[in-house]
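Tertiary structure, described
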Amino acid sequence: MRVSVFGLGYVGCVSAACLASMGHEVIGVDVNQVKVDLVNGGLAPVVEERIGELIADVVRTGALRATGDVREAVMGSEVSLICVGTPSEPNGSLCTTYLERVTEQIGAALAEKAGQGGRHTVVFRSTMLPGTCLNLLVPILEKSVGGTAGVDIGVAVNPEFLREGTSVRDFFDPPKTVIGELDAASGDVVAALYDGLPGEVFRVPVPTAEAIKYADNAFHGLKIGFANELGAVCQALGVDSHQVMDVFLADRKLNISPAYLRPGFAFGGSCLPKDLRSLVHAAQRADVSVPILSHVLPSNSDHLQRAVELVERTGKRRVGMFGLSFKPGTDDLRESPLVELAERLFGKGYDLRIHDANVSLSRLMGANREYIETRLPHLAQLLADSVDEVLEHAEVCLVGTRDPAVLSALPHGDGPVIVDLIHLPDADARRAEPGYVGLAW
């Protein structure tokens, strides 16, 4: 394919050189004439493993050249990759100035190119927040071109997963390829660019593609911060942190796995809250600052509060709740987030009914009974014997269990507002129905 790549920094330079080495005819574009001259001279404008020899090779064969002329690049290509920077503003917000400028310039060139045959596809590879492409850049492009994105012009978002220092290697062996497509034809063009590369390809809506890069980088930062904070606590307590992490990393069932990484309800139970409090307290006693670890429980409490606010927004007062124990299939109520949720709603004066097939006041004993008598002493008057009793009472139903009897009884369409705390099996279908609200989806 004939490809123009806008921005010859790390991402653009590597993308241009690697695509050229795959057999594409590539034109690199940059406002910095020094970078343009370096590329045309077969030299890399960035310091990066393997990039120097790669650029020298593809420039020598004529597969890659560079220019400062946007019009020339657009006229000489059928797909444009935008790889310009999106730095932070002083207040932390995303700077889209360069994105807007290059989109307008490409649009102006495409307006001139219109009628020459073939649809041009504009692919945004720069990191940008969800909504940037559809709400900001597509309108700029359509206004400049005088056409409709997805019809007259192809548009896609294609985030990169290149690490400086290993970016050439990462390009040819990507962890995944993500294509946010405005329409199938736009996605087909991007898929063809990377044909032959390994790794799973995900073709998703444009905002999803924009969000994925942030999910990745936020998690990477969180992992680094977690490891460093835990290391500092271990050091203060006289423990070898690398031994601890060697064992931690060996657990591929719970630790390094998909476990606990699906948005759902707040956590609770007899272990997680207690152990987090103990660890943070030990760090404080040792004068070790652990801002990540110390904010996990407050973050969990804030997430629980979101459920309360969803009920408040309905303006209704009769509430039903399915589920009470902290884990399905048990009657363990210790630090159950559902007990905490019931307590908050009851305290706010809501008319509450609760059903959990595993929880019967007459069977509760020991720590369980003591806990519920302390946290929710009026539980007896709130518990319902059946799913139907809750449904008949409720104007709003909070679903915190996957009990088959509950799932099969939940109404569709007309009926109580369904506040989904667990991502119901049919959540995707229910999203289109009035009266369904997902906690974080």
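For the structure given in this document, a descriptive report is provided here. (Residues numbered from 1 in each chain as written. Predicted model: local features only at pLDDT ≥ 70, side-chain atom pairs only at ≥ 80, totals over all residues. Heavy atoms only, no water.)

**A few points about the packing of aromatic side chains**
One pass over the structure, following the stated rule, counts 3 aromatic pairs. A centroid spacing of 5.8 Å and a plane angle of 40 degrees characterise the contact between Phe-226 and Phe-248, whose relative ring orientation is tilted. Of this pair, Phe-226 sits in helix α9 (residues 206-236) while Phe-248 sits in helix α10 (residues 241-250), placing them 22 residues apart in sequence. Among the residues examined, Phe-226 registers a relative accessible area of 25% and is labelled partly exposed. (Phe/Tyr/Trp six-rings, centres within 6.5 Å; stacked < 30°, edge-to-face > 60°. Helix = DSSP H or I, 4+ residues; strand = E, 2+ residues; numbered from the N terminus. Buried < 20%, exposed > 50% of the residue type's maximum accessible area, 1.4 Å probe, protein only.)

**Quick look at the sheet that holds strand β6 (residues 154-157)**
The 8 strands lie next to each other as β3-β2-β1-β4-β5-β6-β7-β8, forming an open sheet whose pairing is mixed. Looking at which strands have only one partner, the edges of the open sheet turn out to be β3 (64-67) and β8 (201-204). The sheet shows a mean angle of 25 degrees between the axes of neighbouring strands, direction not considered. Bridge count between strand β5 (residues 121-124) and β6: 4 bridges; the pairing is parallel. When the sheet's bridge partners are listed, Val-122 is paired in β6 with Val-155. Strand contacts of helix α6 (residues 132-145): β5 and β6, with the helix running at about 150 degrees to β6, the strand carrying the most contacts. (Pairing = 2+ DSSP bridges. Axes fitted to C-alpha atoms, helices over the stretch in contact; angles between N-to-C directions. Contact = heavy atoms within 4.5 Å.)

**Examining the sheet that holds strand β11 (residues 396-399)**
Reading across from one edge, β10-β9-β11-β12-β13 is the order of the 5 strands in this open sheet, with parallel pairing throughout. Across the chains shown, the open sheet's two edge strands, defined by having one partner strand only, are β10 (351-355) and β13 (436-438). Along the sheet, successive strands turn relative to each other by an average axial angle of 20 degrees, direction set aside. Judged from the 4 bridges that link them, β11 and strand β12 (residues 417-420) form a sheet pairing that is parallel. The residue bridging Val-399 from the neighbouring strand is Asp-420, located in β12. Of the strands in this sheet, β9 (318-322), β11, β12 and β13 are in contact with helix α13 (residues 296-314), which crosses β11 at around 165 degrees. Running over the sheet, helix α14 (residues 337-347) touches β9, β10 and β11 and is turned about 170 degrees from β9.

**A word on the pairing of β11**
What you see with β11 is no split at all: Val-396 and Leu-398 on one side and Cys-397 and Val-399 on the other are buried throughout. Where β9 meets β11, 4 bridges bridge the pair, whose relative direction is parallel. Across the sheet, residue Gly-320 finds its bridge partner in β11, namely Cys-397. Handedness of the crossover joining β11 and β12 through helix α18 (residues 404-409) is recorded here as right-handed. (Right-handed = clockwise from strand over helix to strand, strands pointing away.)

In short, geometric facts, not functional conclusions.
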